[in-house]
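Fold and contact review
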Amino acid sequence: MNTLGFSDGAIAGKLPAVSRPVLLVGGFGLPPATLARLARTLDARIAPTGLTVGCGEREAQTVVSALDGLDEPITLVGHSRGGQLALVAAARRPDAVRQVITVGTPASIGPPQRWGVPLLTAALRRLPINLALDCATGPCCASFRRDLAKPVTVSWTSLWSPIDRIVDDPLRNDADSVEVRASHIGLVTSRTGRDAIVKAMKG
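The rules behind each value
Residues numbered from 1 in each chain as written. Predicted model: local features only at pLDDT ≥ 70, side-chain atom pairs only at ≥ 80, totals over all residues. Heavy atoms only, no water. Helix = DSSP H or I, 4+ residues; strand = E, 2+ residues; numbered from the N terminus. Pairing = 2+ DSSP bridges. Contact = heavy atoms within 4.5 Å. Axes fitted to C-alpha atoms, helices over the stretch in contact; angles between N-to-C directions. Buried < 20%, exposed > 50% of the residue type's maximum accessible area, 1.4 Å probe, protein only. 1 Å grid on protein atoms, 1.4 Å probe; cavity = no way out; pocket = protein on both sides within 12 Å on 5 of 7 lines; lining within 4 Å. Points joined across faces, edges and corners; volume = space filled by probe spheres on them.

1. Quick notes on unusual backbone geometry
A positive phi angle is found at aspartate 43, which is not glycine, with a value near 50 degrees. Mapped onto the fold, aspartate 43 is located in the loop between helix 1 (36-42) and strand 2 (45-46). We note that serine 80 has phi near 55 degrees; this positive angle belongs to a residue other than glycine. Tracing the chain through its elements places serine 80 in the loop between strand 3 (74-79) and helix 3 (81-92).

In structure tokens form, the structure reads like this:
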């Protein structure tokens, strides 16, 4: 039996439900509730990465573990940093992944180069918790970086927005690239974003 408990069927008042297993992977610092409406739309489950702020390698292993025991290949939908984690999981378990949809996912690893971010990063380093601040260079994430750089062997669609004020270097490479006019958060919370994700799902 599918260990994530997926089920089929339409959802009243929502976009057409997708009757195939889907796992959502959240972005850095965003609570799982951010994906709640999208999860209902897709009849999906949310990967247990919490706020997705930990070491990239550790978070990727969490997503890979969520693929264990599935009866059929899954579609991974990753928002922002979650898209990177989804691609790494697909590189490690291509047999378990049907499709990857990255949504507002940056090409760069680590905190975005935005005004005020260095000050915030310095403050976060003082906290007694393991945050993903050095994934771009740290030895703990060497495998994560290596697998993220591998050619994607499964179907991959990259949704990105020209008005995204968080990610200005969307990861697209050889993906099917789809432009969506929505904010960074709106890519997964707005009707426009959710509709684009549904349309990107392979039949």
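Now, onward.
2. Examining the sheet that holds strand 4 (residues 97-103)
With respect to topology, 6 strands assemble into an open sheet ordered 2-1-3-4-5-6, the strand pairing being parallel. In this open sheet, the two edge strands, each paired with only one partner strand, are strand 2 and strand 6 (176-179). Where strand 4 meets strand 5 (residues 155-160), 5 bridges bridge the pair, whose relative direction is parallel. Bridge pairing links threonine 102 to serine 158 in strand 5. Along the sheet, helix 3 makes contact with strand 1 (22-25), strand 3, strand 4 and strand 5, crossing strand 3 at roughly 150 degrees.

3. Focus: the pairing of strand 5
The element strand 5 is extensively covered by neighbouring structure, given that 5 of its 6 residues are classed as buried. Pairing analysis gives 4 bridges linking strand 5 to strand 6, with the strands arranged parallel. Paired with threonine 157 across the strands is aspartate 176, a residue of strand 6.

4. Re the layout of surface pockets
The calculated volume of the second largest pocket comes to roughly 160 Å³. Lining the second largest pocket are Leu87, Ala107, Leu148, Ala149, Lys150, Pro151, Val152, Trp156, Leu171, Asn173 and Asp174.

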